[in-house]
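Spelled out from the first residue to the last, the chains are:
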Amino acid sequence: MAALQSAAALGFTRVGLQSARAAEPDAVESAPAIVIGSGYGAAVAALRLGQAGIRTLVLEMGRLWNTPGSDGKVFCSTAAPDQRSMWFRTRTEAPLASFLWLDLVNRDITPYPGVLDRVHYDAMSVYVGRGVGGGSLVNGGMAVTPLRSYFAEQFPTVDTAEMYGTYFPRARSMLGVNSIDPAWFESTEWYQFTRTSRKAADNTGLKTTFVPNVYDFGHMQREAAGTAPKSALGQEVIYGNNSGKLSLDKTYLASALGTGNVTIHTLEKVRAISRAADGTYVLTADRIDLTGKVVETKQYGCTYLFLGGGSIGTTELLVRARETGTLPALNASVGSGWGTNGNVMLGRANHVWDTVGANQSTMPVMGIDDWANASNPVFAEIAPLPIGLEHWVSLYLAITKNPQRASFTYDSGSDGVRLGWTAAQSAVSVSMAKKLFDRINSANSTIYRYDLFGSSSKVFADDFCYHPLGGCVLGRATDNYGRVKGYSKLYVTDGSLVPGSIGVNPFVTITALAERTMARVLAEDTAP
Ligand code: FAE
């Protein structure tokens, strides 16, 4: 974090534009390379550009999360959310809306650039991280490498041997992936909830598997022993972790700033991209203050532009650029091929003797792996519900092989995009999750929980997702390496490249693909 603080102080040169570009503002800040966003794809781009000696500017719409609030902590916990929790809201919008049908979970808050956003479309809302580090600040840290055969199915033009031999190992090592000590897992009260879910899966004849994480399990054991401050064991996760988690600001982005070639501007949202006559890119970005007011509109120029705003951020920028005519040569695939990674959340009620424990770690470490079941492939993460009391709920985030895809369209009224995803498309994920969990309930004589997702007794939360994927799919909107078709020196490096589904939690895949893109681009495109 010290690296981030010192590098954030670095300035940027203002250069005058030539008169040929008189229609544009008379001054821009320019850099050879600009990266939009600071999540996984963006962080990889920034580091590799910086290491190549290319001066690079990162534009991130969220905050740099390094300053403690009045409670001495940078982030707030899920148990006591305040303004730091969510992106400009008057009330939190947690995924679990209720407990015993009561609205005990959400709180009124003051609008502020908080770390978690929930972006609403007509029939789907998407959770994303906001801040330096993007989704890594708010996610559960599950660092899963996809099944090789499914990766090959989703990316038929990508060399899987190279991915599994070079880029996945590189991504895992850079991200600091580690695994829980199985002996500690079996003995600690903090994973009783996982062992209870595993027992239910075992009784059904289903396979469970440990999943690695970027949370430091050594730190977690010290939390349990009382020798480190509690973060994962202190109900911290979706609104940020104050310690323990290797989010991108501690890995890729810290290294990127360490090269001395990378600068990050925060609270700056790029809203338009165009191309100048000389082929360089011109960006328009709104700088906001902590109340959300636009205090300055800036213009940036660059030769190389890397889009890492995430599946919905990048896709919105490119759809708008195509439809408003600022990048008219973008092809028709831009905006399409979007999916939820088949996400559905649900809870089961355990028998009174099958306790889940009042103390639960917020970091998931196990999944039920039924992906090999060709008639109903599902991978279900065993999720925590850490509310500090015994509640007998087993919670899951199911990743189903839902083949449905949707497209984004430009809405000139709002200058935003609409997502064509429908409730019927979510119903496909629900039906797959239900088939698996009906089996589990039947084998264990248990039932679903009806009280967790609002007052409507909804069992399957199918109206939000954590894993937005696609919109600028590799090989369709881009070439086989993320170079955007129709333009040179324009690249996508984030979750937009993944065609709607990858079968497991996606950030390791996004990171590895970005490593592959950067290796190719730096070898072929940036020579003088
Ligand atoms: P992402 O990390 O979303 O970063 C995009 C960044 O760009 C953000 O910081 C934005 O603020 C910024 N941005 C967007 N538009 C603009 C703009 N116009 N101007 C300036 N900045 C902009 O993109 N995945 C896993 O693999 N394991 C997990 O355990 C897991 N748990 C999750 C839990 C939660 C609650 C959530 C929300 C997600 C979870 N995910 C998990 C998903 C994972 O975080 C997500 O796939 C990645 O963060 C996506 O990486 P990208 O690089 O695509």
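In what follows, the structure referred to is the one given above.
What you see is a predicted model, and the numbers here were worked out from it, not measured in a lab.

Calculation notes
Residues numbered from 1 in each chain as written. Predicted model: local features only at pLDDT ≥ 70, side-chain atom pairs only at ≥ 80, totals over all residues. Heavy atoms only, no water. Helix = DSSP H or I, 4+ residues; strand = E, 2+ residues; numbered from the N terminus. Rg over C-alpha atoms; globule rule 2.2 N^0.38 Å. Contact = heavy atoms within 4.5 Å. Areas by Shrake-Rupley, 256 points an atom, 1.4 Å probe, with all protein chains shown as cover. Lys, Arg positive; Asp, Glu negative; His and termini not counted. Charge placed at Lys NZ, Arg CZ, Asp CG, Glu CD. Pairing = 2+ DSSP bridges. Near = heavy atom within 4 Å. Polar contact = N/O pair within 3.5 Å; in protein donor to acceptor, adjacent residues only side chain to side chain. Nonpolar A, V, L, I, M, F, W, Y, C, P; charged D, E, K, R; others polar. Buried < 20%, exposed > 50% of the residue type's maximum accessible area, 1.4 Å probe, protein only. Salt bridge = Lys/Arg side-chain N within 4 Å of Asp/Glu carboxyl O.

Enquirer: How should the overall build of the chain be read in this particular structure?
Expert: Tallying secondary structure elements over the chain gives 11 helices and 22 strands in all. Relative to the globule expectation of 24 Å for 528 residues, the C-alpha radius of gyration of the chain, 22 Å, shows essentially globular dimensions. In terms of overall dimensions, the chain has C-alpha extents of about 75 × 50 × 45 Å along its principal axes. A separation of at least 24 residues holds for 71% of the contacts in the chain among residues at least 6 apart in sequence. Carbon together with sulfur atoms contributes 53% to the accessible area of the chain, which is approximately 18,700 Å² in total. Separation of charge centres in the chain, based on 46 positive and 45 negative side chains, amounts to 2 Å.

Enquirer: Explain the sheet that holds strand β4 (residues 116–120) to me, please; I cannot follow it from the model alone.
Expert: Reading across from one edge, β4-β5-β20 is the order of the 3 strands in this open sheet, with mixed pairing throughout. Either end of the sheet is taken by a strand with one partner, and the two such strands are β4 and β20 (464–465). Alignment of strand β5 (residues 125–129) against β20, held across 2 bridges, turns out to be parallel. When the bridges of β20 are listed, serine 125 appears paired with phenylalanine 464.

Enquirer: Can you walk me through the site of the ligand in this structure?
Expert: The environment of the ligand is made up of 37 residues, and the closest members are Glu60, Gly135, Met142, Gly495 and Phe507. Interatomic distance of 3.1 Å between a backbone N/O atom of glycine 140 and a nitrogen atom of the ligand. Relative to its free-state accessible area of 1,000 Å², the ligand is covered by the protein chains to the extent of 96%. Breaking the shell around the ligand down by element, the ones donating at least two residues are α2 (40–51), β5, β8 (268–275), α9 (310–323) and α11 (507–524). In terms of residue class, the shell around the ligand is made up of 14 nonpolar, 18 polar and 5 charged.

Enquirer: Just to check I follow, could you spell out the environment of asparagine 242 for this structure?
Expert: Among the secondary structure elements, asparagine 242 is positioned in the loop between α7 (217–225) and α8 (252–258). Non-local contacts of asparagine 242, meaning those with residues more than four positions away in its chain, are made with Lys73, Val74, Phe75, Ser231 and Glu236. Looking at asparagine 242, its side chain comes within polar contact range of the main-chain nitrogen of valine 74, at 3.0 Å. A polar atom in the side chain of asparagine 242 sits 2.9 Å from the backbone nitrogen of phenylalanine 75.

Enquirer: Looking at this structure, how should I read the pairing of strand β3 (residues 56–59)?
Expert: In regular strands, side chains alternate between the two faces of the sheet. Both faces of β3 are covered, namely the face carrying Thr56 and Val58 and the face carrying Leu57 and Leu59. When β3 meets strand β7 (residues 262–265), the two strands line up parallel, connected through 4 bridges. Pairing of leucine 59 across the sheet is with histidine 265, part of β7.

Enquirer: Even after reading the chapter, I still don't get the pattern of salt bridges, so can you show me in this structure?
Expert: Here the structure, examined in full by the defined rule, presents 29 salt bridges. Here aspartate 462 ties to lysine 458 by a salt bridge, and the two come within 2.9 Å at their closest N and O atoms. Relative accessible area serves as the criterion here: at 25%, lysine 458 is assigned to the partly exposed category. When salt bridges with common partners are traced through the structure, they connect Asp479, Arg483, Arg520, Glu524 and Asp525 into a single cluster.

Enquirer: What should I look at first to understand the environment of arginine 287 in this one?
Expert: Within the secondary structure layout, arginine 287 lies in strand β9 (residues 281–288). When the C-alpha atoms of arginine 287 and phenylalanine 460 are compared, they prove to be 39 Å apart, with 173 residues separating the residues in sequence. In contact with arginine 287, not counting residues within four places along its chain, are Leu267, Glu268, Lys293, Val294, Val295 and Glu296.

Enquirer: Would you mind showing me how to read unusual backbone geometry here?
Expert: Where the residue is not glycine, phi is negative for most of them; where a peptide bond is considered, it is trans in most cases. A positive phi angle, close to 55°, is found at leucine 267, a residue other than glycine. Mapped onto the secondary structure, leucine 267 falls in the loop between β7 and β8. Not every positive phi belongs to a glycine, and lysine 489 is a case in point at roughly 60°. Looking at where lysine 489 falls in the secondary structure, it is placed in the loop between β21 (469–471) and β22 (490–492). Taking relative accessible area as the criterion, lysine 489 reaches 33% and is therefore assigned partly exposed.

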